[in-house]
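# Close look at the chain arrangement
Residue-level listing of the chains:
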Amino acid sequence: MTLKDKVVVVTGGADGIGRALCRRFAAEGAAAVVVADINAAGAEAVAAEIGGWAVTTDVARESDIVHLVKAVIERHGAIDLFCSNAGIIIEGGVETPDEEWDAIWSVNVRAHVYAARAVLPGMLARGGGYLLQTVSAAGLLSQIGSAPYSVTKHAALGFAEWLAITYGDQGIRVSVLCPQGVRTNMLMRPRPGGESFLMAGAITPEQVAEAAMLGMAEERFLILPHPEVAEYFQRKASDYDRWLRGMRRLQAGVR
Ligand SMILES: NC(=O)c1ccc[n+]([C@@H]2O[C@H](COP(=O)([O-])OP(=O)(O)OC[C@H]3O[C@@H](n4cnc5c(N)ncnc54)[C@H](O)[C@@H]3O)[C@@H](O)[C@H]2O)c1
């Protein structure tokens, strides 16, 4: 799929990877770029910059996503590409309180379900549509130091696979964007243990947007802005126990 003349929605579009996607889609000649974010001022700023439209949206609330989709269809007739990009991270393991598990589950997983539930009827009626889900390499591998992020990103990947299997023959395309470290607030925020080891290989949000464009042009399911992730994923599949030993060594080294 190419972006020219398409109507596109990007959640988490006010900052980081989402903002880079919005800018890139506008530069590619999208008919409309809708910047949906819980940060109203940030969304307005990006929309003003690219000639897009800001819709304040908390993706954790289904009513917000229903309103977003309805408003875009009323204004632009249809949605060609919906990017479920908004995501959050929290550090922690088994001790993480239930409320925090619920919060990250809502944004990283349930929001993707809400979006699909809201956009699929229109897309299926038109015989096609595209869903780009920003997951993470953590959805294929793991996230050192964060059980909630690892689990929710695996779940988001599982949901995207299921969508691709279930609706692929009805014209629905699904891609998952799975970078490792990206230079955004999420990675560069102050952390108790200091800078993340992922900073070493971190790429820019613009590089992620470039990879997303190339992947969607080929309508590839798995989009890997860090090509080495394909090799790590293969190693995991071919010898899980060896891969786990390697991950333990990595964890010990980054403490
Ligand atoms: N930065 C990385 O290293 C990295 C790596 C792999 C995957 N990702 C994923 O990329 C996506 C974007 O992350 P980023 O790095 O650009 O982070 P970011 O923190 O820079 O931007 C996230 C954006 O999402 C918005 N947001 C957060 N909660 C929201 C909610 N409930 N409703 C609507 N908007 C909300 C924020 O306001 C912000 O504008 C996330 O899904 C993240 O998990 C990031």
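One can find the structure itself at the top, above this paragraph.
Everything in this summary refers to the structure shown in the same document. This is a predicted model, so every value here is computed, not measured.

Further remarks concern the packing of aromatic side chains. The full count for this structure, using the stated rule, is 3 aromatic pairs. Centroid distance F159 to W162: 6.5 Å. Interplanar angle 10°. Geometry classified as stacked. Residue F159 and its partner W162 are located together in helix 5 (residues 147-167), separated by 3 residues, close to a single helical turn. Judged by relative accessible area, which is 45%, W162 ranks as partly exposed. When the centroid spacing of 6.0 Å and the interplanar angle of 80° are considered together, the rings of Y240 and W243 count as edge-to-face. With Y240 and W243 both in helix 9 (residues 240-254) and 3 residues apart, the pair spans about one turn of that helix. Above the plane of the ring of W53 lies R75, whose end atom (NZ or CZ) is 4.0 Å from the centre. Its end group placed over the ring of W243, K236 keeps NZ or CZ at 4.6 Å from the ring centre.

Judged by nonpolar contacts, the single largest core of 42 residues is most densely connected at V9, L68, I79, F82, L131 and L163. Of all the secondary-structure elements, those providing two or more residues to this core are strand 1 (7-11), strand 2 (32-37), helix 3 (62-76), helix 4 (98-126), helix 5, strand 6 (172-177) and helix 9. The element contributing the most residues to this core is helix 4, with 8 residues. Setting aside chain neighbours within four positions, we find V9 in contact with V34, A36, L68, V72, I79, L81, F82 and C83.

Our focus in this paragraph is the site of the ligand. In the vicinity of the ligand there are 29 residues, among which I17, D37, Y149, V182 and T184 approach most closely. D58 places a side-chain nitrogen or oxygen 2.9 Å from a nitrogen atom of the ligand. The separation between an oxygen atom of the ligand and a polar side-chain atom of Y149 is 2.6 Å. Elements with a minimum of two residues in the shell around the ligand: helix 1 (16-27), helix 5 and helix 6 (185-188). The residue inventory of the shell around the ligand, partitioned by class, reads 13 nonpolar, 12 polar and 4 charged.

About the criteria used
- Residues numbered from 1 in each chain as written.
- Predicted model: local features only at pLDDT ≥ 70, side-chain atom pairs only at ≥ 80, totals over all residues.
- Heavy atoms only, no water.
- Phe/Tyr/Trp six-rings, centres within 6.5 Å; stacked < 30°, edge-to-face > 60°.
- Helix = DSSP H or I, 4+ residues; strand = E, 2+ residues; numbered from the N terminus.
- Buried < 20%, exposed > 50% of the residue type's maximum accessible area, 1.4 Å probe, protein only.
- Lys NZ or Arg CZ within 6 Å of the ring centre and 35° of its normal.
- Core = buried A, V, L, I, M, F, W, Y, C linked by side-chain atoms within 4.5 Å.
- Contact = heavy atoms within 4.5 Å.
- Near = heavy atom within 4 Å.
- Polar contact = N/O pair within 3.5 Å; in protein donor to acceptor, adjacent residues only side chain to side chain.
- Nonpolar A, V, L, I, M, F, W, Y, C, P; charged D, E, K, R; others polar.

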